[in-house]
Amino acid sequence: LRRRVVVAGAVCALLLAVWIALRPDGTRLDSLAVLPFVNASGDPRMEYLSDGIAESIIRSLSQLPGLRVMSYSAVAPFKGGKAEPRPAGRRLGVKAVLTGRVLQRADELSVSVELVNVADNRHLWGEQYQSRMAGVFAIQEQIGHELADRLRLKLTGEQRQALAKRHTQDPAAYQEYLRGRYFWNRRTGATLQTAIAHLEKAIAKDPAYALAYAGLAQCYALESALLPIPSRESFPRAKAAALKALEIDPTLADAYPTLGLTRQSFDYDWTGAERDFRKAIELDPSDATAHQWYGQFLNALGRFDEALTEVRRAQELDPLSLMVSTVVGQVLHYAGRTEEAMAQLGKTLALDPNFGVAIFWLGQAHLQKSVYAEAIAEYQKVAQLTDWPFVRGALGQAYALSGDRDAAQRILRQLTERSRQSYVPALAVAWVYIGLQDREQAFAWLDKAVEERGEIVSWLKSDPLYAPLRGDPRFGALLQRMRLVP
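Rules used throughout
- Along each chain, the written sequence defines residue order, and numbers are assigned to residues from 1.
- pLDDT decides what is reported in this predicted model: residues at 70 or higher carry local features, side-chain atom pairs at 80 or more are listed and counted, and totals for whole chains, interfaces and linings draw on all residues regardless.
- Hydrogens and waters are ignored; side-chain quantities use all the structure's heavy atoms.
- A run of H or I in DSSP counts as a helix once it spans at least four residues, and a run of E counts as a strand once it spans at least two, with each numbered from the N terminus.
- Only protein chains enter the accessibility calculation, which uses a 1.4 Å probe; a residue is then buried when its area is under 20% of its type maximum, exposed when over 50%, and partly exposed in between.
- Under the pairing criterion, centres of Phe, Tyr and Trp rings, with the six-membered ring standing for Trp, must be within 6.5 Å; the plane angle then separates stacked pairs below 30 degrees from edge-to-face pairs above 60, leaving the rest tilted.
- Look at NZ for Lys and CZ for Arg. If either is within 6 Å of the ring centre and within 35 degrees of the ring normal, a charge sits over the ring.
- All axes here are fitted lines through C-alpha atoms, helices being fitted over the stretch that makes contact, and every angle between N-to-C directions spans 0 to 180 degrees.
- Orientation is classified from the angle alone, with under 35 degrees giving roughly parallel, over 145 giving roughly antiparallel, 65 to 115 giving roughly perpendicular, and any other angle giving oblique.
- By convention, the crossing between two helices is left-handed when the near helix turns anticlockwise from the far helix through less than a right angle, and right-handed when the turn is clockwise.
- Contacts: residue pairs with any heavy atoms within 4.5 Å of one another.
- We call Asp, Glu, Lys and Arg charged. Ala, Val, Leu, Ile, Met, Phe, Trp, Tyr, Cys and Pro are nonpolar, and the rest, Gly among them, are polar.
- Take the number of residues in a helix, subtract one, and multiply by 1.5 Å to get its expected span.
- The directions considered for the arc run from the helix axis to the C-beta atoms.
- pLDDT measures how confident the predictor is about each residue, on a scale from 0 to 100.
- The definition of a nonpolar core used throughout is a set of buried Ala, Val, Leu, Ile, Met, Phe, Trp, Tyr and Cys residues joined through side-chain atoms within 4.5 Å.
- A pair of strands counts as paired when DSSP detects no fewer than two bridges linking them.
- The salt bridge criterion pairs a side-chain nitrogen of Lys or Arg with a carboxyl oxygen of Asp or Glu, the two atoms within 4 Å.

1. Thoughts on the environment of Gln437
- Mapped onto the elements, Gln437 comes out in the loop between α21 (426-435) and α22 (439-452).
- The class of Gln437 is exposed, set by a relative accessible area of 65%.
- Separated by 40 residues in sequence, Gln437 and Gln397 have C-alpha atoms that sit 9.5 Å apart.

2. Structural notes on the packing of aromatic side chains
- Overall, the coordinates contain 17 aromatic pairs when judged by the stated rule.
- Geometrically, the ring pair formed by Phe277 and Phe297 is tilted, given 5.6 Å between the ring centres and 50 degrees between the ring planes. Taken together, the residues span a long stretch of sequence, with Phe277 in helix α12 (residues 270-283) and Phe297 in helix α13 (residues 288-300) at a distance of 20 residues.
- Members of the aromatic cluster, joined through ring pairs, are Tyr334, Phe360, Trp361, Tyr379, Trp388, Phe390, Trp431 and Trp459.
- Across from the ring centre of Tyr48, 4.4 Å away, lies the NZ or CZ of Arg179, which sits over that ring.
- Lying over the aromatic face of Trp445, Lys448 brings its terminal NZ or CZ to 3.9 Å of the ring centre.

3. Here we look at the packing of helix α15 (residues 322-334) against helix α16 (residues 338-351)
- In the contact formed by α15 and α16, the axes pass within 7 Å of each other and the chain directions differ by 165 degrees. The pairing of α15 with α16 is recorded here as roughly antiparallel in orientation. Considering only the axes of α15 and α16, their crossing is left-handed. Contacts between α15 and α16 pair Leu322, Ser325, Thr326, Val328, Gly329, Leu332 and His333 from the former with Thr338, Glu340, Ala341, Gln344, Leu345, Thr348 and Leu351 from the latter.
- Of the residues that constitute the contact of α15 with α16, the class distribution is 6 nonpolar, 7 polar and 1 charged.

4. A short note on helix α18 (residues 372-385)
- For α18, which comprises 14 residues, the first-to-last C-alpha distance of 20 Å matches the rise-based estimate of 20 Å (1.5 Å per residue) to within 8%.
- Taken together, the buried positions of α18 are occupied by Ala375, Ile376, Glu378, Tyr379 and Val382. Down the axis of α18, the buried set is contained in an arc of 165 degrees. They therefore lie on one face. More than 90 degrees from the buried face of α18, the exposed residues found are Ala373 and Gln384.
- Those residues of α18 hidden inside the fold are in contact with α17 (356-368) and α19 (389-402).

5. Quick look at α22
- Helix length check: α22 (14 residues) gives 19 Å between terminal C-alpha atoms against 20 Å at 1.5 Å per residue, within 8%.
- Those residues of α22 that sit buried are Ala442, Phe443, Leu446, Ala449 and Val450. The buried side chains of α22 occupy one side of the element, clustering within an arc of 115 degrees when seen end-on.
- Residues of α22 that are buried sit in contact with α21 and α23 (473-481).
- Two residues or fewer past α22, Arg453 is found with a positive phi of approximately 75 degrees.

6. Considering the environment of Leu252
- The residue Leu252 is located in the loop between α10 (231-248) and α11 (255-267) in this model.
- Along the backbone, Leu252 and Gly80 are 172 residues apart, and their C-alpha atoms lie at a distance of 30 Å.
- Excluding residues that lie within four positions of it along the chain, Leu252 makes contacts with His167, Ala210, Leu211, Ala214, Ala245, Leu246 and Leu283.

7. Here's the deal with the side chain of Glu223
- The topology assignment puts Glu223 in helix α9 (residues 210-226).
- When neighbours within four sequence positions are excluded, Glu223 is seen to be in contact with Leu192, Ile196, Ile229, Ser234 and Arg237.

8. Observations regarding the confidence of the model for the protein
- Across the protein, pLDDT averages 91, with 94% of residues at or above 70.
- Counting contacts from residues 11-26, a segment whose pLDDT is below 50, to residues more than four positions away or on other chains yields 8 contacts.

9. As for the nonpolar core
- The biggest cluster of nonpolar side chains holds 166 residues, and the ones touching the most others in it are Leu32, Phe37, Leu92, Leu98, Ile143 and Trp431.
- Aside from chain neighbours lying at most four places away, what touches Leu98 is Leu32, Ala33, Val34, Leu35, Phe37, Val113, Glu114, Leu115, Trp125, Ile143 and Leu147.

10. Describing the pairing of strand β4 (residues 96-105)
- Summarising burial for β4: 7 of the 10 residues are buried, a large majority.
- Sheet topology places strand β1 (residues 31-34) next to β4; 3 bridges connect them, and they run parallel. Of the residues in β4, the one forming a bridge with Leu32 is Ala96.
- Two elements, strand β2 (residues 38-39) and β4, share 2 bridges in a ladder whose sense is parallel. The residue bridging Asn39 from the neighbouring strand is Val102, located in β4.
- Of the strand pairs in this sheet, β4 and strand β5 (residues 108-117) are connected by 10 bridges, and their pairing is antiparallel.

11. Remarks on the pattern of salt bridges
- One pass over the structure, following the stated rule, counts 35 salt bridges.
- Taking the shortest distance from any N to any O, the salt bridge between Glu451 and Arg232 comes out at 3.8 Å. Placement of the pair is Glu451 in helix α22 and Arg232 in helix α10, with a sequence separation of 219 residues.
- By relative accessible area, Glu451 is classed as partly exposed at 41%.

Put into structure tokens, the structure is as follows:
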């Protein structure tokens, strides 16, 4: 009897230990970060593949209800495989982290993954997959289904089908798409052009590749921001590519934010733009970019409380994003909460003192407070980092308002000279004339800017920069042309 009691006790203890090891910890794993997969080949040319597989898994999972998935831009700072899952998960505010390694040798592909519980660093699941390169689609599907099971997501048949959805059956087209996304994520003028070239190759290999069209639309939408290309040229291309993507696949979440941006910035179709942004978020609630762009859209309309809700949601989904953090400061600035805006921009610059966009908006906040010396100092910092024409325009405006009209006129001459070589937005010139209090020239150039179109022009209604002009009937006429007022 004594032996039986001891054995029974030992069995119970063993069962209890197993239960403790395998039981849910009482906290549902409803948030996940897929860290950039490690390129185990050692060949830098294969980075696009390890990055792309991780991003594809993020895209599939982010559309599942009840699961918050961090965007690729949120996890990008952990690229290189040096970050431990638990600290990374804590920084990102998620409950589970997926890591992975990708090895390609000729046509052979090996992918290994591990799922970790951030709360206790417990290994929840791991697997290794081997196949030929053509089997990459099946590997991604298997990982998605396994993750859904391990995270105890209750999926409908339709949701399981969505996890298995393939946007192309052509492995070569898929690899070109991944190369395009790899260069798109670098966000420079040169890499943007390279991204466009790869995405066009993907479409040439598979003309029904909706996801490649959506990627192309995103690239075109950024052309006027990163390259000396007029918005009147770039936004129609972006809109056409987004519409083509949705013609092929009306449920493709990736295309809707870009379509919304083009309706806002080029068509001045505010109702249509809001519909597109809302549709994007409905299809993919974890898309930080959709929340950010929708927030900026609301900011342009002067709906500041709603705008803050959206951009702060974007910040939850992408807490390490310098751009999202900056946009929070921008919205606060437009809402007249200047001190809060400056504090927010200070937080951004504490992470990266050379992030030019945040420095620019800090200069705008100083300008709003009529602290011209500080505004000029901030714009000069940005001018050392980028030759963006709007920086020159803002600097010219600050010089003019500070009383240094000669410096402002010098900026005007520089912009005029530059316009002979490449595109200079009319709005940048208008800013200098606003500072010089030359209303005739200011409205002449604002008229050109409204005709040129562009995202920054679409902020005309709510940007405090235009306060000196608001009482002029010509300003109301501009807003009417943009359909911002009846």
